[in-house]
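As a plain string of letters, each chain reads:
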Amino acid sequence: MILNLLVFFIFSIFSLFSIIGYGSLITNFNLKDRKIENFVNFFFGLIFLNVIGFVLYYLNLSNEYLNLVILFVGLIFLKNKLNKQIFLNYLLISILLFSGLLISKLHEDWSYHFSFIEQITNHKPIIGIGNSEDIHVVSTSFFSFIQKIFYLPYYEFRFVLTPVYLMYLNLIFILINLAMNSNKKIILIYLMLIVILVVKLSRLSEYGYDYLASYVLISIFIIYFVSKIEKYKVYNLYEIYFVLFIFAISIKVTSILFLPIFIYILISEKEKFKEIKFSNIILLVFIFSIVFVAENFFRSGCLLYFFEYTCFENNNISWSIDYQRIRDHSLHVELWAKGYYHQENISNKFDYLKNFNWLENWIKIHFFYKIIEFLIIPLFFLFLSIFAFRRLKLDKNSFYFFLAAVISFLLWFLTIPQLRFGSGIIIALFISLIFVTTDINSKMNIERKKIIVFFICCFLVFNLKNINRIKNEFERNDGHKFTNFPFPPKNRLQSIILRDKSTKYLLISEKELKKILWFYVVY
């Protein structure tokens, strides 16, 4: 048990540096602040591995030893991106957050997410897999192609959640660094984000891909703050914004609702548009976009499955999905998000959605259950900014930011108002309100000792919550009992062994499979 715990921890650190190494290969940055540079490089490393995972699957080259080699090679490119202080800082934050990675009870959507991860890891590629009876396959996250690389000899899928945890760690690491070094009032936003992430979102088991996409969107904000407010020189800024936004959409399509805020950021940084020139980053943006579209096409017969007009007719592409299935699934998700399945007063689905008939029930079962609890932290920091600084003056920049955030919020609220889909947008709305109430560019000096005490309190809460959760999971007597410590439960990570010429997914009745080369093609 202790040995496995140590291996798990060391592997998480090893994987972090490997991903940053691949990112540094792509960006070739030489920024003044290495921590900010590593923060950006981490995302480019993830995106690079996403592309590699896609290529390996469709070339049928998946192998656990190859995966291990890929992760080791990333360390070669790390070069001089670390020094002793940065390494120790990463090590300290990793120790403080590691209890969050020790999970027995996984999130509710894990079964269909893992089913796809297991498919692209262990089985031959299927062209047209969206025609399976399980409609969730169409919308399963592109991030799965990163997770397949964490299938390793002996340990198999035990490290599959590592890249999810590392994205969380990377985000907290940079926020702590910015909070410790900022002398402006924007530090309020950094501290607010740290409290939300460390205190509120302390359980990795809660992270479906919805929160993961929100972390990428928050990272766009952080890079924007670093450039616009902190005045750090960040190269290829527009390209970074674009690739992160596309990455967020590839993780969860609901990230599209962030588009108004994204447009605001691009316009706000319009002078950076002139600096665009061909580079490895632009090449990666192009390749990743092509690969993402290709995966949509191979999976569904649509260039982007969430836009019906990008879908090919079935008589042209044999594996094109019946788009009515997507419409029905979208309706089901909207009904679920608005609480239809938790009431009995309105039986007709369409009547329930009309004229805000859903609102009263939604407020009762979701707003007061989850959203109001989530709002406590950002409301506290908003009131702090109002009463401490008393600046309620709408300049043009703040107004447009607030307007963009409101539009994104309304798009979320009117279409799919579940916290898991809108956490990033809600955070963005409160950030825009702090922009309105506070001159975030003005000076604000807080003693480092006070900030450190603040961090200690946050991490103390984080670890107390997770240690108590782990203790309770050891004491359970159901399927979520911690029997595979420190790894996720074996019964939720099982590989499927198939007979030759068979696949794990059942197709809808009118579809069949045909083997062409190493592919299975739906026709």
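Residues numbered from 1 in each chain as written. Predicted model: local features only at pLDDT ≥ 70, side-chain atom pairs only at ≥ 80, totals over all residues. Heavy atoms only, no water.

### Topic: the overall build of the chain
Stated formally: Here a strand is any run of E in DSSP of at least two residues, a helix any run of H or I of at least four, and the numbering for each starts at the N terminus. We take the radius of gyration over the C-alpha atoms and set the globule estimate at 2.2 Å times the residue count to the 0.38 power. Whether a residue is buried, partly exposed or exposed follows from its accessible area with a 1.4 Å probe, protein chains only, as a fraction of its type maximum: under 20%, in between, or over 50%, in that order. Contacts were defined at the residue level, with two residues in contact if any of their heavy atoms lie within 4.5 Å.
Each helix and strand counted, the chain has 19 helices and three strands in total. Relative to a compact globule of 523 residues, whose C-alpha radius of gyration would be 24 Å, the chain shows 23 Å and is just as compact. Referenced to the eigenvectors of the C-alpha coordinate spread, the extents of the chain come out at roughly 65 × 60 × 55 Å. The buried share among the 523 residues of the chain stands at 59%. In the chain, the share of contacts with a sequence separation of at least 24, taken over all contacts with a separation of at least 6, comes to 77%.

### A few points about the pairing of strand β2 (residues 513-516)
Rule in force here: Here, any two strands with at least 2 DSSP bridges between them count as paired.
Relative to strand β3 (residues 519-522), β2 runs antiparallel, the two being bridged by four bridges. In the sheet register, Lys514 faces β3, and the bridge partner there is Val521. Between β2 and the antiparallel strand that follows it, β3, lie two residues; Leu517 among them carries a positive phi value of about 55°.

### A word on a nonpolar patch on the surface
Threshold: Grouping into patches uses exposed residues only, defined as over 30% relative accessible area, and leaves out salt-bridged ones; the cut-off is 9 Å for like charges and 5 Å for nonpolar side chains (Val, Leu, Ile, Met, Phe, Trp, Tyr). Only the protein chains shown count as cover for residues, and all accessible areas are computed by the Shrake-Rupley method using a 1.4 Å probe. By convention in these notes, a salt bridge is any Lys or Arg side-chain nitrogen within 4 Å of a carboxyl oxygen on Asp or Glu.
A cluster of nonpolar side chains, contributed by Val55, Leu59, Leu61, Leu66, Val69, Ile516, Leu517 and Trp518, occupies part of the molecular surface with about 670 Å² of accessible area. As for its placement among the helices and strands, Trp518 is situated in the loop between β2 and β3. Judged by relative accessible area, which is 31%, Trp518 ranks as partly exposed.

### Concerning the nonpolar core
Where a protein is soluble and globular, its nonpolar side chains tend to be buried together. Put simply, the test is: We call a set of buried Ala, Val, Leu, Ile, Met, Phe, Trp, Tyr and Cys residues a nonpolar core when their side-chain atoms join them within 4.5 Å.
Phe143, Met167, Phe225 and Phe247 are the most contacted members of the largest nonpolar core, which has 195 residues in total. In this view, Phe143 contacts Leu46, Asn50, Pro163, Val164, Met167, Tyr209, Leu212, Phe247, Ser250 and Ile251; residues no more than four positions away in its chain are not counted.

### Concerning the sheet that holds β2
Across the sheet, which stays open at both edges, the three strands sit in the order β1-β3-β2 with mixed pairing between neighbours. Strands with a single pairing partner mark the edges of an open sheet, and in this sheet they are β1 (126-127) and β2. Alignment of β1 against β3, held across two bridges, turns out to be parallel. Looking at the pairing, Ile127 lines up with Val521 of β3.

### Some details on unusual backbone geometry
For the bond from Phe485 to Pro486, the omega torsion is 5°, close enough to zero to count as cis. With respect to the helices and strands, Pro486 occurs in the loop between α19 (448-475) and β2. Phi at Glu156 takes a positive value of approximately 50°, unusual for a residue other than glycine. Locating Glu156 in the fold gives a position in the loop between α7 (144-147) and α8 (162-181). Phi angles above zero are rare outside glycine, and Asn355 is one such case at about 50°. Mapped onto the fold, Asn355 is located in the loop between α15 (349-353) and α16 (359-389).

### Remarks on empty space enclosed by the protein
Keep this limit in mind: Buriedness of a pocket was judged along seven lines, with at least five required to meet protein on both sides within 12 Å; pockets are open sets of points on a 1 Å grid over the protein atoms alone, cavities are sets where a 1.4 Å probe fits but cannot get out, and lining residues have an atom within 4 Å of a point. Grid points are joined across faces, edges and corners, and a volume is the space filled by probe spheres set on the points. Following the grouping adopted for this structure description, the nonpolar residues are Ala, Val, Leu, Ile, Met, Phe, Trp, Tyr, Cys and Pro, the charged ones are Asp, Glu, Lys and Arg, and the polar ones are all others, Gly among them.
One pass over the full model with this rule turns up two cavities of 30 Å³ or more. Of all the secondary-structure elements, those providing two or more residues to the lining of the largest cavity are α10 (209-228) and α18 (419-437). Broken down by element, the residue count for the lining of the largest cavity peaks at five residues, all from α18. Among the residues forming the lining of the largest cavity, the class breakdown is four nonpolar, five polar and three charged.

### Remarks on the packing of helix α2 (residues 34-58) against α10
To be explicit about the condition: The axes used here are C-alpha line fits, helices contributing only the stretch in contact, and every angle between their N-to-C directions lies in the interval 0 to 180 degrees. Rotating anticlockwise by less than a right angle from the far helix to the near helix defines a left-handed crossing, while the corresponding clockwise rotation defines a right-handed one.
Two numbers describe how α2 lies on α10: the axes approach to 12 Å, and their chain directions differ by 145°. Like other packed secondary-structure pairs, α2 and α10 cross with a definite hand, here left-handed. Across from Ile36, Phe39, Val40 and Phe43 in α2, the residues of α10 making contact are Val216, Ser219, Ile222, Ile223 and Val226.

### A few points about the state of the cysteines
Applied cut-off: By definition, disulfides here are pairs of cysteine sulfur atoms that lie within 2.5 Å.
Tallied over the full model, the rule gives one disulfide. Through a disulfide, Cys302 is tied to Cys311; the S-S separation comes to 2.0 Å. The chirality of the disulfide connecting Cys302 with Cys311 is right-handed, given an S-S dihedral of about 100°. Here Cys302 falls in the buried class, since its relative accessible area comes to 1%. Left unpaired, Cys457 is separated from the closest cysteine sulfur, that of Cys458, by 7.0 Å.

### A look at the packing of helix α1 (residues 2-27) against α2
The condition is simple: These descriptions rest on fixed angle ranges, namely under 35 degrees for roughly parallel, over 145 for roughly antiparallel, 65 to 115 for roughly perpendicular, and the rest for oblique.
Between α1 and α2, the least distance of the axes is 6 Å, while the angle of their chain directions is 90°. The orientation of α1 with respect to α2, classified from their angle, is roughly perpendicular. Taken together, the residues of α2 that come into contact with α1 (itself represented by Leu16, Ile19, Ile20, Tyr22, Gly23, Ser24, Ile26 and Thr27) are Asn38, Asn41, Phe42, Phe44, Gly45, Leu46, Phe48 and Leu49.

### Notes on the packing of aromatic side chains
For the record, the criterion: Any two of the Phe, Tyr and Trp rings considered here, Trp counted by its six-membered ring, make a pair once their centres fall within 6.5 Å; the pair's planes then place it as stacked at under 30 degrees, edge-to-face at over 60, or tilted in between. The criterion is that NZ of a Lys, or CZ of an Arg, lies within 6 Å of the ring centre and within 35 degrees of the ring normal, and then a charge sits over that ring.
Using the criterion set out here, one finds 74 aromatic pairs in the structure. Geometrically, the ring pair formed by Phe159 and Phe487 is edge-to-face, given 5.8 Å between the ring centres and 80° between the ring planes. Pair noted here: Phe159 is in the loop between α7 and α8 and Phe487 is in the loop between α19 and β2, with a separation of 328 residues, a long-range link. Take Phe487: its relative accessible area is 2%, and that puts it in the buried class. Lying over the aromatic face of Tyr154, Arg158 brings its terminal NZ or CZ to 5.8 Å of the ring centre. Above the ring of Phe487, the side-chain terminus of Arg158 is found at 5.8 Å from the ring centroid.

### Side note on the environment of Phe14
Along the polypeptide, Phe14 turns up in helix α1. On the basis of relative accessibility, which here comes to 14%, the residue Phe14 falls in the buried class. Along the primary structure Phe14 and Phe98 are separated by 84 residues, whereas in three dimensions their C-alpha atoms are 14 Å apart. For Phe14, the residues in contact, after removing those within four places along its chain, are Leu71, Phe72 and Leu75.

### Quick notes on the side chain of Lys252
Note the following rule: Within 3.5 Å is the distance limit for a polar contact, defined as a pair of N or O atoms, with the added protein rule that one can donate a hydrogen and the other accept it, and that residues adjacent in sequence qualify only through two side-chain atoms.
Tracing the chain through its elements places Lys252 in the loop between α11 (237-251) and α12 (259-268). A relative accessible area of 13% places Lys252 in the buried class. A polar contact is formed between the side chain of Lys252 and the side chain of Asp210, at a distance of 3.4 Å. Residues within four places of Lys252 in sequence aside, it is in contact with Tyr209, Asp210, Ala213 and Phe421.

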